[in-house]
Amino acid sequence: MSKLAISIKNLSKTYSGGIQALKSIDLTLKEGDFFALLGANGAGKTTVIGILTGLVTKTYGEVKVFGHDLDTELNEVKNSIGVVPQEFNFNIFEKVYDIVCRQGGYYGMDPHKAATRTEKVLKKLELWDKKDQKSIALSGGMKRRLMIARALVHDPKLLILDEPTAGVDVELRRGMWEYLKELNKNGTTILLTTHYLEEVEELCQYAAMIKEGEIVLNDTVKKLLNKLDQEVFVFETDKSLTSKAIQILNAKDRGDNVYEINTSPKNTLQDNIDIISKSKANIISIKPKGNRIENLFLSVISK
Ligand code: ATP
């Protein structure tokens, strides 16, 4: 049986103001998993991460990371986790190299080891040529990569990323995905939170959904996506669809050759593409309408 990277049992958190952010949740991640924690704003995701990384004190429950108990082996827990928070939180006037190397020191590495690891992670994240620049001079994507480099300097077995690609452009997101996939392939367990279903589909094998402090769904991503049985896609075509095609597709004509089309298991995205392909129009783009995680959330909650 594979070992557990994270084992959470009956975890509860009530903040001092009285907000019950977590209500007795159970969660397990096996070593090597790529796991997504989903949920609306304020659902409790960051609280889970805060507890795992020792920044937030739990009210009740048991948390183990690679078998180390958070209550009695906090240092072992901290050493096995690298965390990439939502917001940039480094000193913008510090040099890239120093930001990463200092973190190595923070984890108790001797200067030689910290230097060797810093060089390795900066090269891996394509930041080595920026090592002498102040971080303020980096682009947004480079800053994100710097956060990942810093989180990896002590070679953690578990990497936690809180919305790693929020506000990152499409190309950079792709690059980051490739890097995270490679990291996971080489054995790093990854837990991420995200608002993008595309990210979950692309990267993760498992996902749990949290709502108002409770886990409402915990399954393979494949099974989770099956629950998203109704979606609306926005198609743009190079010329207007005929009224017959619009009728067959049951499409909503938004004007300027833009159409909203509903999909379901009986009427899949591919079925709709096939119908349009048989008409005289060509498809220019297809985009999901709205946030798919929110749609999934709604279809799960409504069942
Ligand atoms: P987001 O996607 O917006 O980051 P989240 O799922 O990470 O949301 P949390 O940040 O864990 O949610 O918040 C869960 C609940 O706990 C919210 O109601 C939030 O207002 C509350 N909360 C979070 N941090 C604190 C705090 N330090 N003090 C009091 N309440 C807090």
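Our structure is the block above this text.
Residues numbered from 1 in each chain as written. Predicted model: local features only at pLDDT ≥ 70, side-chain atom pairs only at ≥ 80, totals over all residues. Heavy atoms only, no water.

Visitor: I tried to follow unusual backbone geometry on my own but got confused; where do I start?
Guide: With the exception of glycine, the majority of residues adopt a negative phi angle, and the majority of peptide bonds are in the trans configuration. Despite not being glycine, Phe 66 shows a phi value in the positive range, around 50 degrees. A positive phi angle is found at Asp 155, which is not glycine, with a value near 55 degrees. In this structure, Asp 155 sits in the loop between helix H5 (140–152) and strand E7 (158–162). (Helix = DSSP H or I, 4+ residues; strand = E, 2+ residues; numbered from the N terminus.)

Visitor: Help me understand helix H10 (residues 269–278), please; the structure alone is not making it clear to me.
Guide: Given 3.6 residues to a turn, an α-helix orients residues that are three or four positions apart in the same direction. When we look at burial in H10, the residues that qualify are Asn 272, Ile 273 and Ile 276. Along the axis of H10, the buried residues cluster in a sector spanning 100 degrees; they form a single face. On its buried face, H10 sits against strand E11 (231–237), helix H9 (243–249), strand E13 (258–263) and strand E14 (283–288). (Buried < 20%, exposed > 50% of the residue type's maximum accessible area, 1.4 Å probe, protein only. Arc of directions from axis to C-beta. Contact = heavy atoms within 4.5 Å.)

Visitor: Explain the pattern of salt bridges here, please?
Guide: When charged atoms on two side chains of opposite charge get close, those side chains can pair. Throughout the structure, instances matching the rule amount to 15 salt bridges. With its nearest N and O atoms 2.6 Å apart, the salt bridge here joins Arg 102 to Glu 94. Judged by its relative accessible area of 13%, Glu 94 is buried. (Salt bridge = Lys/Arg side-chain N within 4 Å of Asp/Glu carboxyl O.)

Visitor: Quick question: what am I supposed to make of the pairing of E7 here?
Guide: Looking along a regular strand, one sees the side chains alternate between the two faces of the sheet. The element E7 is largely enclosed, with a buried count of five among its five residues. Residues of E7 alternate between two faces, with Leu 158, Ile 160 and Asp 162 on one and Leu 159 and Leu 161 on the opposite face, all of them buried. As defined by bridge partners, strand E6 (residues 81–84) adjoins E7 across four bridges and the pair is classed as parallel. Paired with Ile 81 across the bridge in E7 is Leu 158. For E7 and strand E8 (residues 189–193), the ladder comprises five bridges, and the chain directions are parallel. Looking at the pairing, Ile 160 lines up with Leu 191 of E8. (Pairing = 2+ DSSP bridges.)

Visitor: Would you take a moment to explain the site of the ligand for this structure?
Guide: Around the ligand, the structure places 14 residues, and the nearest of them are Gly 42, Gly 44, Lys 45, Thr 46 and Thr 47. Take Gly 44: an N or O atom from its main chain is 2.9 Å from an oxygen atom of the ligand. One of the side-chain nitrogen or oxygen atoms of Gln 86 is found 3.3 Å away from an oxygen atom of the ligand. Out of a free accessible area of 640 Å², the ligand has 63% covered by protein chains. Here the shell around the ligand gets three residues from one element, more than from any other, and that element is helix H1 (residues 45–52). Of the residues in the shell around the ligand, the class split is five nonpolar, seven polar and two charged. (Near = heavy atom within 4 Å. Polar contact = N/O pair within 3.5 Å; in protein donor to acceptor, adjacent residues only side chain to side chain. Areas by Shrake-Rupley, 256 points an atom, 1.4 Å probe, with all protein chains shown as cover. Nonpolar A, V, L, I, M, F, W, Y, C, P; charged D, E, K, R; others polar.)

Visitor: What is the right way to read the side chain of Arg 145 from this model?
Guide: Following the sequence through the fold, Arg 145 ends up in helix H5. Buried charge without a salt bridge: Arg 145, with Glu 126 as the nearest opposite-charge side chain at an N-O distance of 5.1 Å. Among residues more than four places away in sequence, those in contact with Arg 145 are Leu 125, Glu 126, Leu 127 and Leu 172. (Lys, Arg positive; Asp, Glu negative; His and termini not counted.)

Visitor: Got a minute to help me understand the packing of H5 against helix H6 (residues 170–185) in this structure?
Guide: The relative placement of two packed helices is expressed as an angle between their axes plus a distance between the axes. Across the interface, H5 lies against H6 with an axial gap of 11 Å and an inter-helix angle of 15 degrees. Comparing their axes, H6 and H5 come out roughly parallel. Here H5 runs over H6; the crossing is right-handed. Packed against H5, whose contacting residues are Gly 141, Arg 144, Arg 145, Ile 148 and Leu 152, the element H6 presents Leu 172, Met 176, Tyr 179 and Leu 183 at the interface. The class makeup of the residues in the contact of H5 with H6 is six nonpolar, one polar and two charged. (Axes fitted to C-alpha atoms, helices over the stretch in contact; angles between N-to-C directions. Parallel < 35°, antiparallel > 145°, perpendicular 65-115°, else oblique. Left-handed = near helix turned anticlockwise from the far one by under 90°.)

Visitor: How should I be thinking about the side chain of Arg 144 in this particular structure?
Guide: Within the fold, Arg 144 resides in helix H5. Comment: no salt bridge for buried Arg 144; closest opposite-charge side chain is Glu 87, at 6.9 Å. If near-sequence neighbours (up to four positions away) are discounted, Arg 144 is found in contact with Gln 86, Phe 88, Glu 163, Pro 164, Ala 166, Val 168 and Met 176.

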